[in-house]
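# Structural characterization, general
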Amino acid sequence: MFPLCLRYVGDRSIAQDILQEGFITLFSKMDSYKGNGSFEGWARKIFVNTALMYLRKKDALKMSDELENARSLSTDIASQMENIGYKELMKLIMSLPPGFRTVFNMYVVEGYSHKEIAEMLNISETTSRTQLSRARVWLQSKIKEQDNA
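So, here is what we can say about the structure in this document. (Residues numbered from 1 in each chain as written. Predicted model: local features only at pLDDT ≥ 70, side-chain atom pairs only at ≥ 80, totals over all residues. Heavy atoms only, no water.)

Close contact between helix 1 (residues 2–9) and helix 2 (residues 12–28) brings their axes to 8 Å; oriented N to C, the two are set at 125°. Judged by the angle between their axes, helix 1 and helix 2 are oblique. As helix 1 packs across helix 2, the resulting crossing turns out to be right-handed. Only Arg12, Ile14, Ala15, Gln16, Ile18 and Leu19 of helix 2 make contact with helix 1, whose side of the interface consists of Phe2, Cys5, Leu6 and Val9. The residue inventory of the contact of helix 1 with helix 2, partitioned by class, reads eight nonpolar, one polar and one charged. (Axes fitted to C-alpha atoms, helices over the stretch in contact; angles between N-to-C directions. Helix = DSSP H or I, 4+ residues; strand = E, 2+ residues; numbered from the N terminus. Parallel < 35°, antiparallel > 145°, perpendicular 65-115°, else oblique. Left-handed = near helix turned anticlockwise from the far one by under 90°. Contact = heavy atoms within 4.5 Å. Nonpolar A, V, L, I, M, F, W, Y, C, P; charged D, E, K, R; others polar.)

Structure below.
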């Protein structure tokens, strides 16, 4: 669960705190797990919610609307992705602005729908879609920069 926490907050020491808080919540709510679905899925939800609570407290979910030097989506992203490894990609994801990173993680990694994201973050579905789109543009921009370096 540590990589999950790290993806949401982008800082190892904060991710460790969230991990600990998540385990405290997990053990205190163990009796509420009814065996419906996988235990891992149930536990993941607890850790996602713990990370989201932290981000809400820090007001880090203010959605970043500005994107300096935003570029249009590249249709050649596959060739750009061939030149970047997993660790480099994870580092880029962790360096996304918090609002972008949160929606990106929830949609791409966790598989939540825009409707679910909107409900969990108290935003509109349109805002969720916009943040995801901007996160992708931001990531593509950074990948292209690495490609050209």
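Still to come is the rest of the account.
Glancing now at a nonpolar patch on the surface. A cluster of nonpolar side chains, namely Phe23, Phe27, Met30 and Phe39, defines an oily patch on the protein surface of about 380 Å² accessible area. Secondary-structure assignment places Phe23 in helix 2. Residue classification places Phe23 among the partly exposed residues on the basis of a relative accessible area of 35%. (Patch = residues over 30% accessible without salt bridge, like charges linked within 9 Å, V, L, I, M, F, W, Y side chains within 5 Å. Areas by Shrake-Rupley, 256 points an atom, 1.4 Å probe, with all protein chains shown as cover. Salt bridge = Lys/Arg side-chain N within 4 Å of Asp/Glu carboxyl O. Buried < 20%, exposed > 50% of the residue type's maximum accessible area, 1.4 Å probe, protein only.)

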